[in-house]
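These are the residues of each chain, in order.
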Amino acid sequence: MDAHKYLRGLVVAAPLVLSLPGAAWAQQEACIGNSAAITGPAAFGGQAIKMGAEIAIEEINAKGGVLGKPLRFVQYDDAGAPPRGIDNTRRIALADKCVVILGGYHSTVSVAQVEPVHAIGIPFVGVLAANTQAIENGRSPNYMFRVSAKDKWVARFLVEQAAKVSKTGKIAFFYENTGWGNGAVPDVKAAIAKAGKELVATETFNWNDQDMTPQAIRARDAGADVTLFWALDREGNQLIRSMDKVGYKPTIIGAWGIAGNLGELAGPLANGVEVVQTYSFMGELDPRGQALWQKIQAKYGLKDPAQIKMGSGIANAYDAVYIVAQAIEKAGAYDWKKVREALYQVNHDGLVAKYQPAFDATDPERQDAILPSYYKLTVWSDGKLLPIAQTPYGKTN
């Protein structure tokens, strides 16, 4: 069955979404919701979003809240499963009556949420999942926004880096067989073509695959000296171990699916693996970053920034809450339609970026707030994901 038809079927099968009269959900409340992985191997993604959102909300409430009301945050577990993300979307919008829903870690869930978000009419602001089509979905009006990386731009960023370090000009691409991985294929191929390089191997794998030796051998034998990864930490670990098994040691550059606990899973084999980020709590921090880190320490009991998994998720969620709060103020009401329209009017000097404006209604690509100029390259080094310039690896690029 076509995936889009399947997802539409899931929504149509839920009469709660499509049969309630508009007046039943006309009044929204001072609530920001989130569906994310709280359990499972990517639970750190949900935890990162929770940290960033909660601290931003505490800061905003300490100054009087929004429109005279304190904001509250609710989060439900989807464990990376699209049907659960759909159910959580309905719950956040119709039961909790939240004014905005933040998107979670898994792109497969975000893509599935496109249907219920538009059926209900609640603004969605993604803060981690980077699938291009989740936001550039052809809807008008479009209720899907993002304060995070976008795979189309990530692909260009990573290919530019690959082109700098490749001695042969031959690049391989490894991607997971999911909506996120498959969605990145056209983005990577377009970026490779624009860079004038050659994609000599395009290899896929499934979640929980334990051995990627055949894929590693094909990339090795094709002469690729740089490999691009669209993988999560668990499968990224298996890929690296399979490469090591066949004596294949290319430069590895990945989207941020391998930014969570790859260093822990792969140990020394992860050393030198480069990963795109929007923010890092490692190394030197500016005063705002240092202040946020101190609040994270105090609230969540962390001792070292290395304990943070998916620091970009914390920073993105933190900025997104401030952008949403400004949109509510500009809208003058806790109202889905008015807040959506007001999101295009927000300018915010954030932790990750200067959003001037955050979103642009005249440009379909600018439902995404964080521009590529704010992306950062980090590298795994002895179990820590550090800004590459602060490591020996940065000196060789």
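Residues numbered from 1 in each chain as written. Predicted model: local features only at pLDDT ≥ 70, side-chain atom pairs only at ≥ 80, totals over all residues. Heavy atoms only, no water.

Helix and strand counts for the chain stand at 14 helices and 14 strands. Here the chain has a C-alpha radius of gyration of 21 Å; the compact-globule value for 397 residues is 21 Å, and the two agree. Summarising its shape, the C-alpha atoms of the chain cover approximately 60 × 50 × 35 Å along the three principal directions. Counting only residues that meet the buried cut, the chain has 60% of its 397 residues in that class. (Helix = DSSP H or I, 4+ residues; strand = E, 2+ residues; numbered from the N terminus. Rg over C-alpha atoms; globule rule 2.2 N^0.38 Å. Buried < 20%, exposed > 50% of the residue type's maximum accessible area, 1.4 Å probe, protein only.)

Right, let's talk about the nonpolar core for a bit. Core analysis: the largest hydrophobic core is formed by 137 residues, its most contacted members being Leu 71, Leu 102, Trp 230 and Ile 296. Considering every element that reaches this core, the biggest residue donor is helix 13 (residues 311–331), with 13 residues. (Core = buried A, V, L, I, M, F, W, Y, C linked by side-chain atoms within 4.5 Å.)

Attention now moves to the state of the cysteines. In the structure shown here, the tally under the stated rule is one disulfide. Here Cys 31 engages in a disulfide with Cys 98; their sulfurs sit 1.8 Å apart. Here the residue Cys 31 occupies a position in strand 1 (residues 29–36), and Cys 98 occupies one in strand 3 (residues 98–103), the gap between them amounting to 67 residues. Exposure remark for Cys 31: the relative accessible area of 0% places this residue in the buried category. Owing to a relative accessible area of 0%, Cys 98 belongs among the buried residues under this scheme. (Disulfide = S-S within 2.5 Å.)

The next subject is the packing of aromatic side chains. All chains considered together, the criterion is met by ten aromatic pairs. With 5.8 Å between their ring centres and 70° between their planes, Phe 157 and Tyr 375 make a pair best called edge-to-face. Placement of Phe 157 in helix 7 (residues 151–165) and of Tyr 375 in the loop between strand 12 (354–355) and strand 13 (376–381) is noted, with a sequence separation of 218 residues between them. The interplanar angle of 45° and the centroid separation of 6.4 Å between the aromatic rings of Trp 180 and Trp 230 together place this pair among those described as tilted. (Phe/Tyr/Trp six-rings, centres within 6.5 Å; stacked < 30°, edge-to-face > 60°.)

Here the UniProt feature "domain: Leucine-binding protein" (unreviewed entry) sits at residues 32–355. The distance separating the terminal C-alpha atoms of residues 32–355 is 20 Å; by composition the span is 47% helix and 17% strand. (UniProt positions renumbered as here; feature names shortened; annotations may be inferred.)

The interhelical angle for the contact between helix 3 (residues 43–62) and helix 13, taken along N-to-C directions, is 40°, at an axis separation of 7 Å. Relative to helix 13, the element helix 3 is oriented oblique. In the crossing of helix 3 with helix 13, the sense of the turn from one axis to the other is right-handed. Residues Ala 48, Ile 49, Met 51, Gly 52, Ala 53, Ile 55, Ala 56, Ile 57, Glu 59 and Ile 60 of helix 3 touch helix 13, and the partners they reach there are Gly 313, Ile 314, Ala 317, Tyr 318, Val 321, Tyr 322 and Ala 325. Along the lines of polarity and charge, the residues of the contact of helix 3 with helix 13 split into 14 nonpolar, two polar and one charged. (Axes fitted to C-alpha atoms, helices over the stretch in contact; angles between N-to-C directions. Parallel < 35°, antiparallel > 145°, perpendicular 65-115°, else oblique. Left-handed = near helix turned anticlockwise from the far one by under 90°. Contact = heavy atoms within 4.5 Å. Nonpolar A, V, L, I, M, F, W, Y, C, P; charged D, E, K, R; others polar.)

This next bit is on the pairing of strand 8 (residues 226–230). A large share of strand 8 lies buried, amounting to five of its five residues. Covered by surrounding structure in strand 8 are Val 226, Leu 228 and Trp 230 together with Thr 227 and Phe 229, the residues of both alternating faces. Of the strand pairs in this sheet, strand 8 and strand 9 (residues 251–254) are connected by four bridges, and their pairing is parallel. Across the sheet, residue Val 226 finds its bridge partner in strand 9, namely Thr 251. Note on the crossover from strand 8 through helix 10 (residues 233–245) to strand 9: the handedness is right-handed. (Pairing = 2+ DSSP bridges. Right-handed = clockwise from strand over helix to strand, strands pointing away.)

So, about helix 5 (residues 107–120). The end-to-end C-alpha separation of helix 5 is 20 Å, in line with the 20 Å expected for 14 residues at 1.5 Å each. Among the residues of helix 5, those classed as buried are Ser 107, Thr 108, Val 109, Ser 110, Ala 112, Gln 113, Val 114, Glu 115, Pro 116, Val 117, His 118 and Ile 120. (Expected span 1.5 Å × (residues − 1).)

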